[in-house]
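# Examining the three-dimensional arrangement
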Amino acid sequence: MPVKVFYMPFNSRGITRQLFGEALKNVKGPDYSGILYMAPSSIKIRDAQHEFSCLAGDCYVPPEMVTLRQFSKRMFSRYGDRKIIHCALIPVVLSKLSGRGIGFSSAIAQFMGEIKQYHTEKDMDSVGRELNNIFNGLGIPEEVSHRSSEAFSIIGYYQKLLDESSAIDEYDCMSLCPAMVGEHNIRYSVLILDGFYDPTPAEKAIIKQLMLTAKDVLIAMPYNTKYSFITSCYNDFIINNFKFELPSVPQPRDFEAPSFYSYPGIEDEIEGIARSIKNFFISGKIKNLNKTCVVFPKLTVYSDMLTRIFKKYGIPHALSSRKPLGETKPFKDLLALLDSVSDDYPRIPFSQFLVSPFFRKLPQSLRQQIPRISLLSGIVKGKEAWLSLRNSGGASRKPPAGNSGVPACLQKELQWVFKKLSPLESIKNKGTYGEYCGVITELLDELDFSGLSDEKREMKETVAGIFRELSFIDTLTLSGPAGLRDFTDSMKLVLNATGTEAEAAGVQVMSVSDMHGLEPEHLYFGGLKDGDLPSKPDIDHLLPDSVRTRFGLRNLGKYLLLQKFAFWKTIESAHTVHLSYPSMEGDKSFLPSPFLHWDKEVKHHVYGIFSVEEDLILRGKTPLSSYICEIKGIGAKAAGRMFGEDSFIRVTDIDSYRACPRKFYLERVLCLEPPEIKKYEIEAMLLGTIAHEIMQALLSKGWQEFEDLPHAADTAVDRIVSLYGLEEYWKKVIRDTFVSIIPDICKIERKIRAEGFAFMDAEVAVEGEIIRGIKLRGKIDRIDKKAGHGAVEIIDYKTGPVQFSGQQVISKGATLQLFLYAALMKSMGFHVDRAGIYSLKDVRLSWIPGRNDRKEGRSIDEYISACLRYLGETVAKMRDGVFTADPIYELTCRNCPERPYCPYIQKSQAFPGVMKETA
Amino acid sequence: MEKYLDISKSVIISSPAGSGKTEKLARRYVSLLLGGSEIEKILAITFTEKAATEMKQRILGILKKENPGLFAAVVEKMPLMRISTIHAFCLKLLKRFSIELGHDPSLEVMDEFTASSLWADSVYESLMNERENPDLFFDMIVSRGMKGWDSLYRTLNELHKRRPHADLMIRERHPADGEEKKILDLYERCLRRYSRKKIERRLIDFNDIELLSYEAIIKNPQWQNILYSFDEHTDHILIDEFQDTSSLQWKIIDRLTEEWRSGMGAKRDSGKVPTIFLVGDEKQSIYLFRGANVSLFGKAKELFSEWLGREYHFEEIRENYRSLPEIVNFTNSLFSRLMQPGLYESWRTTYTPFRATRDDKGSVELIIAEGGENTRKNRETEAEAMAGRILSLYGRYEVWEEDKKRACTFGDMAILLRKRTHLTVFEDVLRRHGIPFIVVKGIGFYDEPEVAILRELLSVIIDPLDDYSLFCVLRSPLFSIGHRTLFGLISRSGVPLVEKMRTSKNAGVNSAFSMIASWIEKAQYIPVAELLDDALSGTGGWRYFWEKQRHVNIKKFINLVGQYESQGYSLLEIREKLILSKSGEEAKANINTEGMNAVKITTVHAAKGLQFPMVFLPSLDEENAPRSSSIVLEEDDETLFLAYEEDSQKRKKMEHFLRRKEKELEEEKRLFYVAVTRAQDFLCMLAAPKKDKQHSGRLAYITGNLGHIDSLRILNAPEADSLHTPSRPSQEYAFVASAPFFRGPVYTEPLPYEPRFQWRDVTEDPDIRVRHGEDWVLLGRVFHSLFEELSKGIIQPDDIGKRAMTLLRNEVFTDTGRKRLLETILDDFRKLDASRHLEGIILPRENSFSELPFILRSGSTIFRGRIDRVILRGETAFVYDYKTYPVKERELPELRDKYRYQMEIYSNAAEKLFSKKVRGYLLFTHNPFCIEYEPG
């Protein structure tokens, strides 16, 4: 068993090929199955497979190439007889056993994993005792040590259950592996250990057993005198257990700390990297994209943006691992379905499920309609609320307005969906994991849950696998029924721990840990900011750092040093290096990583245009503001028709136009409604309609005594609210609200009567040609008549806040509605005495002419003539199709959806072409 | 040594603007290090995360220059430096002690969108809870008259916005009665539900961070342990911007350091003197709306003096290193009048004059333009005057750069706005005069057309029936469909616009329809952020967004959407987030203004901590009147008071509302102070009051005290214009250029990259699950294991049942399921035995292989696979591939075709590996059938 140890300087390259070359001296092809090659990461394994193929010819039986963990699992599945449980399930199992939250259980799982790796040969009891002594020795408060004791008892229980259920976890797999290797006499001609530098005791035990039986052993260990404390443990292990030779290796070369680039933001950083890669590829400096690596300490923060930007620059690339399943679209939709059922169909998650393309049997009409309905329904949650969509039931669930409407079949389709969901709903508080898996599997089959194109098969396979794992929880924990939310949480854990390794051609993008042992031609190491590299470990809730140190576990100091080791090893092993960090992101600013030499910060410039975006940006000449224009003369013909001499114009349209012609065009002419989220409320229009009807019913009776009013109100309100499909609660709210304002209404009515007026008519449709060539039409809420006088007053009911200013009517032409009605009445031969707005919100009636008008001797006729003046010019513009942005009050612009496109707000039309690019 | 560097004493420094406050804090930190303090035991609290980074940078800068040895040591320990905001510190505390506090350690802070949707759920559920038995909700809705629910819901939301105080009102049972009590009762119901939901989801919201931290160290049974741990890990605390600390934050600090001040404790026993270092300036307290309590500054001074005696040092800095004397004189004379000492109201600020240390003179101007008919017109007039003044100064006025004077540039100038209401007016006028400018931290991000267009595009992709958004997208430069065409399309009512587009005869509309339809399709499987990028390139849309600010705004928007997707939000949620954000205060994308020759426009709040050679302060005549709300939650010493009134007239007479207004007016003065003190060399204030109207706002502060104010030159607009002949900027300054490296050569095509070899796995049959069901997938795995183990002699035929049971146990968790599958397995083995395939193919024999891995290079493809069984007999290698699912005899020809490609690869591999002739077979083990592969 000759052992050859290659102490490889950080900046030496080609060791893997050298190791294979050495191995092939003694193993003849094409059968290389006698070689066992082991490396710390699966990406390194893949890289080694590629290396080996360069040496081994066109066809061969490959060496076994695995990580230690893969090896132990492979051994166990071949020779063992227990079920290996998924790592992600351990916290779930521990949580079920302990009744503690998933976070605490995850902490225990991690603690257990460390103990099983670092104290392999000790049983849990003795580990517990040892730890207790350490706690006592360090004088750590009992509360803290108590937590680790609690963890031990949970772990003990867990281990017992594993035994009883004939199961095993991955850590145990590794512990049992050396014995299995011995027992089954597993031996290899050549054992290659490539790139390990600080194996755990459990890993060392496997290595040792394999070394003992292998004919030849080749070990490559990264070595640098500055970091010998990292490799010393591994080194000692070899020195103390084996005789070894030291073949000649390249001498370390001087490595000067490289300069690094700062970018103003994360996106700029990725773009800088992309531009550099593209530039180098085009210029021939990069030939093999597969040998170009892009590395980030926090890959998850960068990966999505990187994919987008690299795609924009047309750079083929592969991320070392795909997103966890829980973050992929189909599974997010599946989780939305489960969350919907467990939480009584909340609006957004349930809508998400209903529009999902991955449930192929869901009716297409739901997919089309739900996005709009979701916004406009006012639903918060509740199956009933969904089912009463078309009844304008609930508080406000009036069918969504707008030109898309709601098809009649929608309710039927929702009923169909709820029927499909009912088996799951029926067990949502009492199912076992196995039952949930069964029912959900059936549901997914019925709804044909499947991916798009080639993912289809993979997804079904994955779901089945996950459900198999989750079903095992019942067997393992012997626990009874659980809530669906609990099941979904467990499923999320498994989904989030299930990511697949990806292999594709192009630039290889990975995290620092995946880089172990790789020797890229070109290395782009980004995201090197303070806090990310080095990062601090997560808080350990069970063991203080001092205990970890004493107990031989990885402590804070070692954690930080390992990152430094990995950093230098990574950058020294590359042929060319590009280091970078973002100095800002949004409001946050960052410092460079302390691993960088701060006085070597430089700015990065790669000249050239590498994306369509850059090309188009350069071609841009005209400012965007010049595209923001007034709407004039558009549809003048049609406008002429709509508002022409032969058409009746609605009185309310005059005010709307005057408020802002542009807004009027969009809302009234084109009938467009911007998307808005409807609150849960009594819908304003519905409330207005009901209020109008109640007032009409109340006041049209011509009752004599005010004392009768409360009673009359009771009956009228009851009758009217019952006509609307409102929930009982809201009916009662409206009824009681009205009853409560009746005394104030009485006061107003008394006053009106005292002033000599009596109810004449309500909801009076009026129309006429008050100016030659302008026909108006409208509906007056109420007309009162002055006894024996012939004069009338007109009243408009409002449920919202009211602003009614005579000054504004005359000087600005605002709120013309009532005076136009007055003019119409006048043209019909009535004398209108005054016009009033009756606010039902404040229960107040405001009149014009008011007190000030009377003081100044202003009559309603002055208002009417002012109105007619405004009317003439307004209608003329309407007929010309003039829909300019010209708000009567700027306040209306505050929430106007047209703001971004409005020349009044954007101030764009006055000075087109002022801004010029000067690059 | 400066007294504030004495690390044996706690220190409070009152440090006015421009007096080097941050430098002092950094120096104190360095002194602690030099005094032997461990880096991880110094806690520094800053007001923002950005300030934390700057603080770190400054400390390291001092060390690097003055003590390289210590610098190296500190850099090595940088991850252990504890410089953060109070929220970040509290969050760590909560996470660290989550278990003790009864939280799950995996707790996370939810974002505003999730928080608001949980809150809305909670209110709804609380309301629904009384659906059957109307109760308090009902009474309060009804008592509010028509739209009572609307009003009540708004009130609850208003109160909720006032967390953590609203929470504290309830938790600490502060007095309330009448309507306020009822509101609080309702709020409590909703809040309880909200808290339950958060616990279930292991979430907290932003306000919980301080609130729960406070409770952790005050009320929680574990408080002693938490304090003990904090004490063990912390020797010194330094707090920057102390004037903006809230009462709750102060209570937290106070409690954490209680023992330090008692003169006792383990730390002192071991010879360590823990210290607190507070630095701030009462006059710059401008965050009342976020709960800052300016009274605390004075209170802390009193308490420290009382608690620490000689171990405490207070210092009031009087030097101003920033501004030239005229600016300092003006500031002193004005604010001495405005901030006079008061006896009873601790929230009022007292001014202490400072001394200018810089030589030269400087300039302070007030330009009064004549106001117009309304506010907007006033601002337009004023903006014109300001633009004129800028142009008259540009290139002529001299500013200092280090110790030399030079002609000013636009980059030296900053316009500081009190609020952003009329920002577009200022932008417009500057543009018109060709003055380059950049809006720093400008809100109104979602009002920018380029952002709105993309938002609408996203809406269309999510909901193609959204006519409004589709209309916006079509009229945008992305498609440039004219209003006339759109009118023609839309006015045909009754059919969704997207449907009308499908059948339109207009080529532009048709092409737009195809593109939009393809995006809708793609959105099912690619991230929408990518899609937006594609859309901008595909339509050539980027051409319209070349202006720097627009370009970066778009990038910011796409990034935001990308982030939302990465965070797991669904498209529907993203749409809602964007709808809700529309009315929010999202800032435009940051542009790095370093070295940029452009006037900076920003708000006074955003300018805090910054300085500019030349400052312009417009709109001095704007009313200071704070916006009135129906709810006030006031703190008075230790007590909280809630006042509620819908009627704004009545509010004018109510004590709490009045008090709040007074406090806000006092803060307006401080805000003015902050604005004025940003100027280094030149200060120009502007106003456009209405003629004959009494001056208001900040203008009144000046004109009401004219007799006492020094160093101020008042000009009317024409006078200001006549000071210098305007110097027109050259066209090159007309707009801030894009990044300079965007210039030729052009390579916009994707890289034509083909790797030398493609690795491919030879995989198993994909359709088994679909055609035969889940059981046969599972049985396939078990059969393959059994065949391999039999072939390799790991198990014997007699062991099949036992081993199969073991394998099944790991896959199937019901006895009946296992039994059923076991029967199938045993039955199939019986059939295999009877057909002699078991013995002939599967059982061990010499010169045979099972599950043989191979690598085969064929052209540029490298196949990777495993052959189930190879038996070498004579000059022939017999290759078998097991298919374990049921088949019918008539299906065999079809299956032979189906697996031909796979068998061809196996045969090639076997031929090359063994240098023998190969015969390949498919062994269907269920029936069993064995058929020979025929090369195609």
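Rules behind the numbers
- Residues numbered from 1 in each chain as written.
- Chains lettered and ligands numbered in written order.
- Predicted model: local features only at pLDDT ≥ 70, side-chain atom pairs only at ≥ 80, totals over all residues.
- Heavy atoms only, no water.
- Helix = DSSP H or I, 4+ residues; strand = E, 2+ residues; numbered from the N terminus.
- Rg over C-alpha atoms; globule rule 2.2 N^0.38 Å.
- Buried < 20%, exposed > 50% of the residue type's maximum accessible area, 1.4 Å probe, protein only.
- Contact = heavy atoms within 4.5 Å.
- Areas by Shrake-Rupley, 256 points an atom, 1.4 Å probe, with all protein chains shown as cover.
- Lys, Arg positive; Asp, Glu negative; His and termini not counted.
- Charge placed at Lys NZ, Arg CZ, Asp CG, Glu CD.
- Pairing = 2+ DSSP bridges.
- Axes fitted to C-alpha atoms, helices over the stretch in contact; angles between N-to-C directions.
- Phe/Tyr/Trp six-rings, centres within 6.5 Å; stacked < 30°, edge-to-face > 60°.
- Buried area = accessible area lost by both parts, 1.4 Å probe.
- Salt bridge = Lys/Arg side-chain N within 4 Å of Asp/Glu carboxyl O.
- Polar contact = N/O pair within 3.5 Å; in protein donor to acceptor, adjacent residues only side chain to side chain.
- Patch = residues over 30% accessible without salt bridge, like charges linked within 9 Å, V, L, I, M, F, W, Y side chains within 5 Å.
- Expected span 1.5 Å × (residues − 1).
- Domains from an automatic or database assignment.
- Parallel < 35°, antiparallel > 145°, perpendicular 65-115°, else oblique.
- Left-handed = near helix turned anticlockwise from the far one by under 90°.
- Nonpolar A, V, L, I, M, F, W, Y, C, P; charged D, E, K, R; others polar.

Per the secondary structure count, chain B includes 38 helices and 27 strands. Rg of the C-alpha trace for chain B: 38 Å, well past the compact-globule value of 30 Å for 936 residues, more than 25% over. The principal-axis extent of the C-alpha atoms belonging to chain B is close to 115 × 80 × 75 Å. The proportion of buried residues among the 936 residues of chain B is 60%. A fraction of 76% describes how many contacts in chain B between residues 6 or more apart in sequence connect residues 24 or more apart. Split by element, the accessible area of chain B, about 38,500 Å² in all, is 48% carbon and sulfur. In chain B, which carries 138 positive and 143 negative side-chain charges, the distance between the mean positions of the two groups comes to 2 Å.

This part is about the sheet that holds strand β9 (residues 244-245) of chain A. All names here are of chain A. Across the sheet, which stays open at both edges, the 6 strands sit in the order β4-β2-β7-β8-β1-β9 with parallel pairing between neighbours. Every interior strand has two partners, whereas the edge strands, β4 (64-66) and β9, have only one. Judged from the 4 bridges that link them, strand β2 (residues 35-38) and strand β7 (residues 190-194) form a sheet pairing that is parallel. Within the sheet, the bridge partner assigned to Ile35 lies in β7 and is Val190. Across the face of the sheet, helix α10 (residues 228-241) comes into contact with β1 (3-9), β7, β8 (216-223) and β9 while running at roughly 165° to β8.

As a further point, take unusual backbone geometry. Cis geometry marks the peptide bond from Leu533 of chain A to Pro534 of chain A; its omega dihedral reads -5°. By secondary structure assignment, the location of Pro534 of chain A is in the loop between β14 (522-525) and α21 (545-550). Of note, the amide linkage connecting Ile848 of chain A to Pro849 of chain A takes the cis form, showing an omega dihedral of -5°. Relative to the helices and strands, Pro849 of chain A is located in the loop between β25 (844-848) and α32 (851-855). Even without being glycine, Glu402 of chain B reaches a positive phi, approximately 50°. Looking at where Glu402 of chain B falls in the secondary structure, it is placed in the loop between β12 (398-401) and β13 (404-407). Although it is not a glycine, Asn847 of chain B adopts a positive phi angle of roughly 50°.

Following the criterion strictly, the structure yields 82 aromatic pairs over all chains and no others. For the pair Phe567 of chain A and Trp568 of chain A, a centre-to-centre distance of 5.2 Å together with 80° between the ring planes defines the contact as edge-to-face. Measuring from centroid to centroid gives 5.9 Å for Phe854 of chain B and Tyr906 of chain B, while their planes differ by 85°, and the two rings are edge-to-face. In this pair, Phe854 of chain B is assigned in strand β23 (residues 848-858) and Tyr906 of chain B in helix α38 (residues 900-914), connecting sequence segments 52 residues apart. The pair Phe854 of chain B / Tyr906 of chain B is uniform in exposure class, with both members buried.

Each side of the interface is counted separately: chain B has 167 residues, and chain A has 179 residues. Together, the buried faces of chain B and chain A total about 15,600 Å²; carbon and sulfur atoms form 61% of this surface. The partner of Lys555 of chain B in a salt bridge is Glu613 of chain A, and the shortest N-O contact between them spans 3.2 Å. Applying the counting rule to chain B against chain A returns 58 residue pairs in polar contact (both at pLDDT 80 or more). The element best represented in the side of chain B that touches chain A is helix α19 (residues 449-462) of chain B, accounting for 8 residues. Pairing between strand β3 (residues 59-60) of chain A and β23 of chain B: 2 bridges, direction antiparallel. Across the sheet, residue Tyr60 of chain A finds its bridge partner in β23 of chain B, namely Ile855 of chain B.

Right, let's talk about a positive patch on the surface for a bit. All names here are of chain A. Together, Lys751, Arg851, Arg854 and Lys855 give the surface a local cluster of positive charge. Among the elements that line the positive patch, the one with the most residues is α32, at 3 residues. In this structure, Lys751 sits in helix α29 (residues 728-754). Note on Lys751: relative accessible area 54%, which makes it exposed.

Working note: α-helix, 3.6 residues per turn, so residues spaced by three or four point in the same direction. All names here are of chain B. Helix length check: helix α17 (residues 375-393), at 19 residues, gives a terminal C-alpha distance of 27 Å against a target of 27 Å (1.5 Å per residue), a fit within 8%. Counted residue by residue, α17 has 14 buried out of 19 residues, so it is predominantly covered. With its phi angle positive at about 80°, Gly395 sits one or two positions after the end of α17.

Moving on, we get to the side chain of Glu315 of chain B. All names here are of chain B. In this structure, Glu315 sits in strand β8 (residues 312-316). Despite its burial, Glu315 remains without a salt bridge, the nearest opposite charge being carried by Lys24 at 6.6 Å. Side chain to side chain, Glu315 and His313 meet in a polar contact 2.8 Å long. Not counting the four nearest positions on each side in its chain, Glu315 is found in contact with Lys3, Tyr4, Ile12, Ile13 and Ser14.

Let us look at helix α1 (residues 15-24) of chain A. Residues and elements named next belong to chain A. Where burial is concerned, most of α1 is hidden: 7 out of the 10 residues are buried. Taken as a whole, α1 has its buried residues at Ile15, Thr16, Leu19, Phe20, Glu22, Ala23 and Leu24. Tucked into the core, α1 has its buried residues touching β1, β2, α2 (42-56), β4, β7 and β8.

Residue and element names in this part refer to chain B. Counting buried positions along strand β25 (residues 876-883) gives 8 out of 8 residues, so the element sits mostly inside the fold. Alternating positions in β25 separate into two faces, Thr876, Phe878, Tyr880 and Tyr882 on one and Ala877, Val879, Asp881 and Lys883 on the other, with burial throughout. As defined by bridge partners, strand β24 (residues 861-873) adjoins β25 across 5 bridges and the pair is classed as antiparallel. Each bridged residue has a counterpart across the sheet, and for Ile871 the counterpart in β25 is Phe878.

Two side chains with opposite charge may pair up if their charged atoms get near one another. In this structure the tally under the stated criterion is 156 salt bridges over all chains. A salt bridge links Glu521 of chain A to Arg13 of chain A, with the nearest nitrogen and oxygen atoms 3.3 Å apart. You can see Glu521 of chain A sitting in the loop between β13 (507-511) and β14 and its partner Arg13 of chain A sitting in the loop between β1 and α1, a full 508 residues away along the chain. Look at Glu521 of chain A and you get partly exposed, because its relative accessible area is 31%. The exposure class assigned to Arg13 of chain A is partly exposed, which follows from its relative accessible area of 28%. A single salt-bridge network, built from bridges that share partners, covers Asp343, Lys381 and Arg485 of chain A together with Glu125, Arg193, Lys197, Glu200 and Arg201 of chain B.

This part takes up the domain arrangement of chain B. Residue and element names in this part refer to chain B. According to the domain assignment, chain B consists of domain 1 (3-101 + 210-317), domain 2 (110-201), domain 3 (355-441 + 603-733), domain 4 (446-581) and domain 5 (759-932). Taking only C-alpha atoms, the centre of domain 1 and the centre of domain 2 are 36 Å apart. With 5 residues of domain 1 at the interface, the matching set in domain 2 holds 6 residues. When domain 1 packs against domain 2, close to 580 Å² is buried across both sides, 60% of that on carbon and sulfur atoms.

Along its sequence, chain A is organised into domain 1 (3-81 + 174-245), domain 2 (86-168), domain 3 (260-321 + 503-602), domain 4 (325-496), domain 5 (628-658 + 755-886) and domain 6 (681-749). Using C-alpha coordinates to define each centre, domain 1 of chain A is positioned 86 Å away from domain 6 of chain A.

Residue and element names in this part refer to chain A. For the pair helix α4 (residues 89-98) and helix α7 (residues 142-164), the least separation of the axes is 10 Å and the interaxial angle reads 110°. Between α4 and α7, the angle is such that the two are roughly perpendicular. With respect to the hand of their crossing, α4 and α7 are arranged in right-handed fashion. Between α4, through Ile90, Val93, Leu94, Leu97 and Ser98, and α7, the contact on the second element is made entirely by Ile154, Tyr157, Tyr158 and Leu161. The residue makeup of the contact of α4 with α7, split by class, is 8 nonpolar, 1 polar and no charged.

All names here are of chain A. Read across the sheet, 7 strands follow the order β12-β13-β11-β14-β15-β10-β18 without closing on themselves; strand pairing throughout is parallel. Taken across any chain shown, the strands that pair with only one partner, and hence form the sheet edges, are β12 (317-319) and β18 (601-602). Taken together, the 4 bridges between strand β11 (residues 292-296) and β14 define a ladder with parallel strand orientation. Looking at β14, one finds that Thr292 is bridged to His522. Contacts between helix α12 (residues 299-312) and the sheet are confined to β11, β12, β13 and β15 (576-582), with β12 contributing the most and set at about 160° to the helix.

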